[in-house]
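Geometric and topological summary
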Amino acid sequence: MNLKEWIFTTDHKRVGVLYLIGSIAAFAVAGIMALLMRAELSTIGPTITANPSQYNVWLYTHGAVMILGFQIPALTGFFANFCIPLMIGAKDVAFPRVNALSVWLFYVGVILALLTFFIPDPPDVMWTGYPPYSTITTGNTAMYSFTVLILGFASIIGGVNFLTTVAYMRAPGLTLNKLNIFVWCTLAAFVLQLIFVPVLGTAVSLISMDKYLGTNFFDPTKGGDVLTYQNLFWFYSHPAVYVIFLPFIGVVYEIISVHARNAVFNYKMVVYGGVGGIVLLAGEVWVHHLYVSGMADWLRIGQMVTTLMISIPVGLMMIGLIGTLYKGSIEFNTPMLYGLGVVFLFLIGGLTGIPLAVPSLTIGVSDTYYVVGHFHYVMAVAGTFAIFGGVYHWFPKMTGKMYNEFWGKLGFWLTFVGVNIVFWIMMDVGVKGMPRRYYDYAHFPQFESAHQWMTVGAGILAIGFALAVLNWIFGAINGKPAGDNPWNSPSLEWSTVSPPPHGNWPSPPSVSEDWHPYGYKKG
Amino acid sequence: MHDKIRRGAAGLAALLLAAPVWAAGAGAKSEPKTVDPARDWDHLWNEVIVDITIIGILFAIVTAWFIWQARRRPGNEVGASPKLSPASAVGWVVIPIFVFLSIDLYTAANGWVLWNTFRDVPANRLEIKLEAGMYSWDYTYPNGVRTQNELVVPAGTPVVLRMTSRDTLHSHYIPDFRVKEDSMPGRITYLWFNPTKPGEHLVTCAEYCGVMHGYMAGRIVVKAPEEYAAWMKGEETSLAAATAPAAVPATATKPAKTAAKKT
Ligand code: HEM
Ligand SMILES: [Cu+2]
Ligand SMILES: [Cu+2]
C-alpha cells in the first residue's frame, strides 16, 4: 500500500475511506472531551480542573467536532462517497478531482479544530457561537469561524458532486424508483446543505467581522441586533439536524432491509412522504431553538405547529422501518443489532422531542439537561449507532474481510447500556432543573449522585465504542476473507468484487426490468 | 373502493381536526381561580409525558414482537412482507398523517392555551426591572429600591420581570416556577410568575454567558404581605438615607448574601 497513492487518490472509495478515518479520529477526540467533562462533573466543585474555562473549551470542542468533524463528514463524506456510486452502478463520481479537494478541505478543517489544544486562547464560544459573548471573549472566535467555513465548504462541493452523479451516471435501467433509500436520503441531505450552509457561513463570518474588524452587526448600542445571529445560526443548524438524520436513517434502512432480507415497506411512502416531507418542512422550524430567546410571540406559536408537524414525515419513516421488519427473516448480527438499536433510541429521542416543540413547555426545560439528553438520543447517539452499524455492514465490501462477531456484539451491548444510563438520567435531572453548560453545580447538590451515575455510564459506553474501532482495525488487518456478497443482497454495491477495484466493475453494469435493490430471493 | 376510502378519510379528518379545537375551548373556560402558570405547566407536562410514554411503550412492544416473530430460522430464510395494493399503499400514508396530525394539533392547542397563561400578565402585578450582567442579577423596584441576586416579593401578588442585559446573554431561570426567558442588550424581554406561598426559590442562569456561567445564581424570597411591607419600609429608609445627604448616584445597592461567586 502506497501512502502517496492514497493521499492523491481520486477514487471515490478511497476518498470515502479517508473521510472515514478522519471522522473516526475526530470522534475519538470529541469522545475524550466528553469523558473529561463527565470526569469533571463527577463531584461538586473542581474535580480534574480548577479552571471553568478549561471545561468550556472541552464542551466547545466536543459539540463542534462531533457535529462538524464526525457526524456530517462520516455520513455525507464516507457513506455517500463509498456507497452512492456503487449503489447506482457508476464508475466513479462526476467530478473526481473536486471530490479529492473536498476531502483535503475536510482534513484542513479537522486539523484547524484540533489546533484548539495548542493555541493560547482557544475558542470557548460553544458550538453555537452566540454573540455578544463570542465577540467579547478573549477566546479565539476566528478559529471557530474558519473551522465552520472550511468544513461547510467541503460539504457543499460534495453536494454538487453527488447531485450531478446521481442525475447523470446511473446504470442503464436504474430508474428513480429503483434507487436505494440511502441514496434518496443522502441526496435530500445535500439539497439541504446547498440551500442552508451559506446562511451558516454568513452568520459565523459576521461574528468574526464584529469581533476583529469593528463592524456592529450584533451590537445594539451601535445599531445592530443580538437575535439576528441566532436566527441565522439556526436557520442552518436546524436543517443540519436533518443533514445528519436523513443519511443515518438511510443507512439504517439498508441495514434492516438486508439483514431482515425483506423489501422496504411502502417504498414510495418512505421516499415521497418521509424524505420529501422532511425537505419541505426543514426550513420552517428553526424558531423552536429560540423559544425562550425573546422572539415575537406569533413566530413562536407558528413554528410550534410546523415543528409538531415534523412528526408526520418522521413517523412515516418509522412506520417504513418497522414495516420492513414485519415478516422478515432477521439475523441478529452486529450491524443488525446497531440498526435495531437505532429504532429504539430514536423512538425515545423522537418522543421526548414532542414537549420541546411546545413553547410553553419548553419555557420550563429549555437549556437544561433535558434538552441535552433528548438531542443525544435523537441525533448524537442514534446517528452514531447508525454510523457504527453502517461501517460494520459495509466492512466486508470495503476490506474484503470479516470483522469478529463476538467482539462486535459485546461492543454493541456495552454502548447500548451505557448510553441509556447517561442520557436517561440526563433528561431526568434536566426536568428537575439542572441547566446545561455548567462547569459546576454547587447550587444543585441534590444531583451529585445522578452525575456520578452518568460518569459511570459514559465509561461503559466508551469501552464499547473502543471495542468496535479495535474490531475494525484487527478485522482489516487479519480478518477472515468475506467473499463478495456475504449478506446475499441484490443491491448493486454487492455485485462487484470486494474490495472493488478502481472503476468498480470490469464492464459497467446494467439492471433488468424486474431487478430492485430490495428484491430478495430464496437461496 | 377508492371512493369509500376517500369519504372515510374526509370524515376522519373532520373529526380529528375538530377535537383539538374543542379541547382548547374547554380549557379556556375554567378561569376564575388564581392563575398559576407553574401549576398549569406541571399539569400539561404530566399529560404529555403520560401520552408519549403510552405511545412509546406501544410502539416498542409491537416492534419487539415483530422482531421476535421474524427471527431467521429454518423455513424462514427470506422475508415475506405483503405486497401492498395501490389503495393500501396510499392508506398507509393518509391514515398515519391524520393520526399524527390530530395528536400534533391537540398538543398545539393545549400548548397555546398554556402559552397565553405564561404571556398574559395579570393586571395586579408587581413590576420589577432586571438588569443581568456578568455575573449578577440586579433588580429595581418601582420605587427605586434596588437589590442584587435576591428578589423579595409578597406572597399572592404576581411578579413580572422586565429584563435586559448589560453585556452577554443570560437567562433568568426559576426552576420552581418553571419559567425562564433570555435577557440581552438592546431589547427588553419579560417573564412573570405567581408566588402564592412564602418561601425561597433558586434563580439560576440558563444561557451560556461566560466563564462563570455555572455560578450565576440568586434567589427569590417570598414573604407574607405584612413582612414584605416591613422589609420594604426598611429598604426605602436606607435608600433615602443613601441618596439624600450627598446626592451621589444611588449605586450603593445592598449586597445580598448569595451562592454566586463574583469574578
Ligand atoms: C457517546 C458519548 C457522548 C457523551 C458521554 C456525551 C456527553 C456530553 C456532555 C456531558 C455534554 C455537555 C453537557 C453540558 O455541560 O452542557 C454534551 C454536549 C453535547 N454533545 Fe455530547 N456526548 C456524547 C456523544 C455525542 C455525539 C456523538 C454527538 C454528536 C453530535 C454529541 C453532540 C453534543 C453537542 C452538540 C453538545 C452540546 C454542546 C454545547 O452545549 O455547545 N455528543 N455531550
Ligand atoms: Cu432543531
Ligand atoms: Cu449564564
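Residues numbered from 1 in each chain as written. Chains lettered and ligands numbered in written order. Predicted model: local features only at pLDDT ≥ 70, side-chain atom pairs only at ≥ 80, totals over all residues. Heavy atoms only, no water.

Digging into unusual backbone geometry
Residue and element names in this part refer to chain A. For clarity, the cut-off: By the criteria applied, helices consist of DSSP H or I runs no shorter than four residues and strands consist of E runs no shorter than two, each listed in order from the N terminus.
Residue Pro132 follows Pro131 across a cis peptide bond; omega there is 0 degrees. A positive phi angle, close to 50 degrees, is found at Asn266, a residue other than glycine. Topologically, Asn266 is positioned in the loop between helix H8 (226–259) and helix H9 (267–281). Non-glycine residue Lys327 carries a positive phi angle of around 55 degrees. With respect to the secondary-structure elements, Lys327 resides in the loop between helix H11 (311–325) and helix H12 (334–357).

Section: the coordination of the copper ion (ligand 2)
Residues and elements named next belong to chain A. Just so we agree on the cut-off: Here a donor is an N, O or S atom found within 2.8 Å of the metal, or within 3.2 Å if the metal is Na, K or Ca; sites may look incomplete because water is not among the atoms. Only protein chains enter the calculation, and the probe is 1.4 Å; a residue is then buried if its accessible area is under 20% of its type maximum, exposed if over 50%, and partly exposed in between.
Surrounding the copper ion (ligand 2) are the protein donor atoms His238 (ND1), His288 (NE2) and His289 (NE2), which sit 1.6 to 2.3 Å from the metal. One chain supplies every donor for the copper ion (ligand 2), spaced along it as H-x49-H-H. Taken together, the residues His238 in helix H8 and His288 in the loop between H9 and helix H10 (297–309) connect sequence positions 50 residues apart. His238 gets classed as buried once you look at its relative accessible area, which sits at 6%.

Structural notes on the coordination of the copper ion (ligand 3)
Residue and element names in this part refer to chain B. Listed as protein donors to the copper ion (ligand 3) are Cys205 (SG), Glu207 (O), Cys209 (SG) and His213 (ND1); their distances from the metal cover 2.1 to 2.6 Å. Ordering the donors of the copper ion (ligand 3) by residue number gives the pattern C-x1-E-x1-C-x3-H. Looking at Glu207, the relative accessible area reads 4%, which means it is buried.

Thoughts on the pattern of salt bridges
As a reminder of what qualifies: When a carboxyl oxygen of Asp or Glu is within 4 Å of a side-chain nitrogen of Lys or Arg, the pair counts as a salt bridge.
One pass over the structure, following the stated rule, counts 18 salt bridges over all chains. With a shortest N-O distance of 2.8 Å, A:Asp428 and A:Lys432 are connected by a salt bridge. The salt bridge involving B:Asp42 is made with B:Arg178; its shortest N-O contact spans 2.7 Å. Here the residue B:Asp42 occupies a position in helix H2 (residues 37–69), and B:Arg178 occupies one in the loop between strand S6 (170–174) and strand S7 (179–183), the gap between them amounting to 136 residues. Overall, the relative accessible area of 27% leaves B:Asp42 in the partly exposed class. What emerges from the salt-bridge pattern is a single network uniting A:Asp297, A:Arg300, B:Arg119 and B:Glu181.

Here we look at the sheet that holds S7(B)
All names here are of chain B. Convention followed: The pairing criterion for strands is at least two bridges between them, as found by DSSP. Every axis in this analysis is a line fitted to C-alpha atoms, fitted for helices over the stretch in contact. Angles between the N-to-C directions lie between 0 and 180 degrees.
Pairing is mixed across the open sheet formed by five strands, whose spatial order is S4-S10-S9-S6-S7. Where the open sheet ends on each side, the last strands, each with one partner, are strand S4 (150–154) and S7. Mean inter-strand twist for the sheet, computed between neighbouring axes without regard to direction, equals 20 degrees. Where S6 meets strand S9 (residues 199–205), two bridges bridge the pair, whose relative direction is antiparallel. Bridge pairing in S9 links His172 to Cys205.

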